[in-house]
Amino acid sequence: MRIDHFETDALMDVAARPPLVMVEGRGSWLTDHAGRRYLDFVQGWAVNSLGHCPAQIAAALAAQAQRLISPSPAFFNDAAIELSRRLAALSGLSRVFLASSGAEANEGAIKLARKWGALHRDGAFEIITFAGAFHGRTLATMSASGKAGWNGNGRRAAPSPLPAPAGGGREATGGEHVGLFEPKVPGFPKARLNDLDSVQALVGPSTVAVMLEPIQGEAGVVPATTEFLRSLRALCDQHGLLLILDEVQTGVGRTGTLFACEQAGVAPDVMTLGKGLGGGVPLAALLAKQEVSCFAHGDQGGTYCGNPLMAAVGNAVLDAVAQPEFLAGVVERGAHLQRHLQRLTSRHGLAGERGRGLLRALDLGRPIGAAVVEAARGLQPEGLLLNSPREHLLRFMPALNVPFEDIDRAAAQLDGLLAKMG
C-alpha cells in the first residue's frame, strides 16, 4: 500500500490498518500525514497514561539518554533500582522484574508459578484462567487467554460479515482463526468469570495458581466482582494456590486507584503491570511476594529488561500517577465520562455502559461497533478514534489526565454520529 509518499509494503501485514500515517501526537490529539487531527480515546490501548508526548516523559527520555541507555542486564542501574523500589513499596509485593511488554510480564508470571509449583507443590503446573481473558500473544499467554477463536483444532472459521474493528477485537485476517499455532501450551483450564463454582470444579492436585484480569478488557470491559475476587483469594488460601492478577490494562491508575485490586481489598501473590506504566514506551513489570520469588539465576531475563532508558520513564509516570490528587482526578474524569455515556444510552436507546475510572465500555445493543469506529474516524473536520473489542461494544481508554472539554467533545461527536446512524 502506498499512502502519499509512504510505502508500507515492508511492514508485515499483521493488522487491518486504515490508509493513514500518524506523524505527531499531543495530549488527546493525533495528527496524520495529511495534517488532519483526531481526538484519541484509544491512546495506544490504554498505553498513553499521560497522553501523547507529555513533557515529563520527553524530559526523562532526553535526560537519561544523555547519561546511560543500556549497560545490559548483567549490571545494576540506578533507574531500574529506583523504579523497582517504588513499585514494591506501592504494591506491597517486594520483588520486581522489569520487562518490555505486558505479554512478557505475564509469560514471566506463568513461569514463576510453574517453578513455584515444582518446588512447593509436587510439580503442580496448571493455572486456572478464564473464558474471555486476554493475557498476550506469546504462545503461553495465548494459551492462557480465553479469547474467542484461539482455541480448537486448527480449523479456520467462516469469515465474519463485519470488517475487523480498528485497534482490537476480531482477528484482522479476513476471518477468525480457530486453534492458532497448535499445539498450544497445556495446563490452562478455563473457568467462568464471577462463577466461583466453575473455579472450584477445576482445582485438583496439578493446580498451582488462578490467574485473571480484575476487568477483562478485550472481552468488553467485564469486571470481576468484589465478592468474586475476595472469594478467589479465600479459595487460593484454602488450597495453597497462588493468586495472579493481570493488571496490565487496569493498573497504574486506570480505574481510579493505583491498582484495581485495591478496590476489592484483595492482595495478590503475583501481579503484572504494563501499558500505562511506560506512558507510551515499552515497559512492564512482574511483581511477586518474596516467598514466591523462586527464580534461580538464568531462569528469567531479557536483553532490554530493566534498561535505564525505559525505567527512567516509569519513574516519571509514577511521579505523576501515584499522587492522590492525580488519582482523584481519574475518578472525577471517569464519572464525567460515565455521565455522558449514560446520556447517550438514554438518548439513542442503547444497551448501557459499564467500567471503572477511565476504562469504560458502551454497549450499542447491536453489531455496529466496527461501523461506528470507521465513521467516527472519518468525522469532519476532526476525527474521533474509538475501539470496538466486540461487535456490539465501544471501549474508551483516554489519557488519565484527559481534559474535561475533550470528554465533552468526544461525547458530542459520538452523539451526532449515532443520531445519523439511527
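Residues numbered from 1 in each chain as written. Predicted model: local features only at pLDDT ≥ 70, side-chain atom pairs only at ≥ 80, totals over all residues. Heavy atoms only, no water.

(A) Spatial organisation of the sheet that holds strand S12 (residues 242-246). Pairing within the open sheet is mixed, and its 7 strands lie in the order S6-S14-S13-S12-S9-S7-S8. With partners counted over all chains shown, the strands left at the sheet margins are strand S6 (95-99) and strand S8 (190-191), one partner each. One ladder, built from 3 bridges, connects S12 with strand S13 (residues 270-273); its direction is parallel. Residue Leu245 lies in a different strand from S13, and its bridge partner there is Met271. Against the sheet, helix H4 (residues 102-120) touches S6, strand S7 (126-130), strand S9 (207-212), S12, S13 and strand S14 (284-288), its axis set at about 25° to S14. (Pairing = 2+ DSSP bridges. Helix = DSSP H or I, 4+ residues; strand = E, 2+ residues; numbered from the N terminus. Contact = heavy atoms within 4.5 Å. Axes fitted to C-alpha atoms, helices over the stretch in contact; angles between N-to-C directions.)

(B) Quick peek at the packing of helix H10 (residues 369-377) against helix H11 (residues 404-421). Look at H10 against H11: their axes get within 11 Å of each other, and the N-to-C directions meet at 120°. As far as their axial angle goes, H11 and H10 are oblique. Between H10 and H11 lies a crossing of right-handed hand. From H10, Ala371, Val372, Ala375 and Ala376 reach across to H11, where they touch Leu414, Leu417, Leu418 and Met421. Grouping the constituent residues of the contact of H10 with H11 by class yields 8 nonpolar, no polar and no charged. (Parallel < 35°, antiparallel > 145°, perpendicular 65-115°, else oblique. Left-handed = near helix turned anticlockwise from the far one by under 90°. Nonpolar A, V, L, I, M, F, W, Y, C, P; charged D, E, K, R; others polar.)

(C) View of the sheet that holds strand S3 (residues 22-26). Ordered in space as S3-S4-S5-S17, the 4 strands form an open sheet in which the pairing is mixed. Each edge of the open sheet carries a strand with a single partner, namely S3 and strand S17 (383-385). With direction set aside, neighbouring strand axes in the sheet form an average angle of 30°. The pairing of S3 with strand S4 (residues 29-32) spans 4 bridges and is classified as antiparallel. Bridging from a neighbouring strand, Arg26 pairs with Trp29 of S4.

(D) Quick look at the nonpolar core. Membership of the largest hydrophobic core comes to 76 residues, with the highest contact counts inside it found for Phe130, Leu212, Leu386 and Leu414. At 8 residues, helix H8 (residues 308-321) tops the list of elements feeding residues into this core. Not counting the four nearest positions on each side in its chain, Phe130 is found in contact with Gly146, Lys190, Ala191, Arg192, Leu193, Val199, Val210, Met211, Leu212, Gln216, Phe228 and Leu232. (Core = buried A, V, L, I, M, F, W, Y, C linked by side-chain atoms within 4.5 Å. Buried < 20%, exposed > 50% of the residue type's maximum accessible area, 1.4 Å probe, protein only.)

(E) Up close: the packing of aromatic side chains. Enumeration according to the criterion identifies 2 aromatic pairs in this entry. Seen from their ring centres, Phe130 and Phe228 are 5.9 Å apart, and the 85° between their planes marks the pair as edge-to-face. Residue Phe130 is located in strand S7, and its partner Phe228 is located in helix H7 (residues 226-239); the two are separated by 98 residues in the primary sequence. Phe228 gets classed as buried once you look at its relative accessible area, which sits at 3%. Ring centres of Phe134 and Trp150 lie 5.6 Å apart, and the angle between their planes is 45°; this geometry places the pair in the tilted category. Of the two residues, Phe134 sits in the loop between S7 and helix H5 (139-144) while Trp150 sits in the loop between H5 and S8, which places them 16 residues apart along the sequence. Across this residue pair, the class does not change: Phe134 and Trp150 are buried. The ring of Trp29 carries Arg37 above its face, with NZ or CZ at 4.0 Å from the centroid. (Phe/Tyr/Trp six-rings, centres within 6.5 Å; stacked < 30°, edge-to-face > 60°. Lys NZ or Arg CZ within 6 Å of the ring centre and 35° of its normal.)

(F) Layout of the environment of Val21. Inspection of the secondary structure puts Val21 in the loop between strand S2 (6-7) and S3. The spacing of Val21 and Leu11 is 10 residues in sequence and 13 Å in space, taken between C-alpha atoms. Here Val21 is in contact with Ile3, Phe6, Thr31, Asp32 and His33, once residues within four sequence places are set aside.

(G) Representation of the pattern of salt bridges. For the structure on display, the rule yields 16 salt bridges. For Glu24, the salt bridge goes to Arg26, with nearest N and O atoms at 3.8 Å. By relative accessible area, Glu24 is classed as partly exposed at 40%. One salt bridge in this structure joins Glu182 and Lys184, with 3.1 Å as the shortest N-O distance. Judged by its relative accessible area of 36%, Glu182 falls in the partly exposed class. Through salt bridges with shared partners, a single ionic network connects Arg233, Asp237, Asp269 and Lys289. (Salt bridge = Lys/Arg side-chain N within 4 Å of Asp/Glu carboxyl O.)

(H) Structural detail: the environment of Ile407. Structurally, Ile407 is set in helix H11. Considering only alpha carbons, one finds Ile407 and His336, 71 residues apart in sequence, at a separation of 7.7 Å.

(I) Geometry of the side chain of His336. By secondary structure assignment, the location of His336 is in helix H9 (residues 324-348). Those residues within four positions of His336 in sequence are excluded, and the remaining contacts are Phe404, Ile407 and Asp408.

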